[in-house]
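# Analysis of the macromolecular model
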Amino acid sequence: MKSKNNLLEQLNSLPHFTKSTVYQLSKQLGLQDSTVDTYISRFLKYKEIYRLKNGLYVSANFFNKNKSDISYSFYLANVIRTPSYVSSWAALQYYNLATDVIHSITSVTPKVTRDYQTKAGSFAYQSINKELFSDFSLVKGKFNFYIASPSKALFDLLYFRTRQFRGLSPDKIKSVVSELRIDIEEMDKDEKQKFNIIINNYIHE
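In this report, we go over the structure that sits alongside the text. (Residues numbered from 1 in each chain as written. Predicted model: local features only at pLDDT ≥ 70, side-chain atom pairs only at ≥ 80, totals over all residues. Heavy atoms only, no water.)

Before going further, it helps to spend a moment on the overall build of the chain. On a plain count of helices and strands, the chain comes out with nine helices and nine strands. The C-alpha extent of the chain, read off along each of the three principal axes, is 65 × 30 × 25 Å. Each of the 205 residues in the chain was classed as buried or not, and the buried ones make up 42%. Restricting the contact set of the chain to residue pairs at least 6 apart, pairs at least 24 apart contribute 55%. Within the structure as shown, the chain displays about 11,300 Å² of accessible surface, and the carbon and sulfur contribution to it stands at 47%. The distance from the centre of the 28 positive side-chain charges to the centre of the 19 negative ones in the chain is 11 Å. (Helix = DSSP H or I, 4+ residues; strand = E, 2+ residues; numbered from the N terminus. Buried < 20%, exposed > 50% of the residue type's maximum accessible area, 1.4 Å probe, protein only. Contact = heavy atoms within 4.5 Å. Areas by Shrake-Rupley, 256 points an atom, 1.4 Å probe, with all protein chains shown as cover. Lys, Arg positive; Asp, Glu negative; His and termini not counted. Charge placed at Lys NZ, Arg CZ, Asp CG, Glu CD.)

Turning our eyes to something else, we now look at the nonpolar core. Membership of the largest hydrophobic core comes to 51 residues, with the highest contact counts inside it found for Leu-158 and Phe-165. When near neighbours in sequence (up to four residues on either side) are disregarded, Phe-165 contacts Phe-155, Leu-158, Tyr-159, Ile-173, Ile-199, Tyr-202 and Ile-203. Grouped together as the second largest cluster of nonpolar side chains are 13 residues, Leu-11, Val-36, Tyr-39 and Tyr-57 included. (Core = buried A, V, L, I, M, F, W, Y, C linked by side-chain atoms within 4.5 Å.)

Let's shift gears to helix α3 (residues 33-45). Compared with the 18 Å implied by 1.5 Å per residue over 13 residues, the 18 Å span of α3 between its first and last C-alpha is a close match. Listing the buried residues of α3 in full gives Val-36, Tyr-39, Ile-40 and Phe-43. One side of α3 carries all its buried residues, which in axial view fall inside an arc of 100°. α3 presents Ser-34 and Lys-45 as exposed residues on the side facing more than 90 degrees away from its buried surface. In the core, the buried residues of α3 are packed alongside α1 (2-11), α2 (19-28), β2 (49-53) and β3 (56-59). (Expected span 1.5 Å × (residues − 1). Arc of directions from axis to C-beta.)

For β2 and β3, the ladder comprises four bridges, and the chain directions are antiparallel. Residue pairing for β3: Arg-51 is matched across the bridge by Tyr-57. Linking β2 back to β3 in an antiparallel pair, the connection comprises two residues, with Gly-55 at a positive phi of about 80°. (Pairing = 2+ DSSP bridges.)

Shown next, in the form of structure tokens:
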């Protein structure tokens, strides 16, 4: 029991961990791999750790301490599916350009589209062409995360919502932005210009 508690105590200090991390920590405690598998099952059963996806976990203790920090949620979004960056509604809300409550963190990835429903939140991943997997940056802090620029977050949202701008003119796109209640006037002048350029370039390709 002591070794089990010692293991959990070490996991509680990690922002996320893999099954191989658990094995490595367990070896330092002199535990067998079969014992570790049993411990992981018990941790999950008693909700002491949460599964993010197969082989990837976070301790309930660490999550509960940091769940109110949006940077931690964005960090987890990056970790669950790599490479990816936070975009669309989640990013627009981060930049104070959208006021609607966001229930799922949407990210963009060059990999296939996939959703993850976890006890740590809902994470959606939308697949985009590798050429359009761009214009994002690393925000550094307590938890580092990749996020789209304001202009690219808006582009990504519209790209998926309109099925890649099928049959849309630039004027119609402005109308869609207005209907979605996105406060584009609050967007930085340079970002607005970048948005117009990326839209025009894409539509006229």
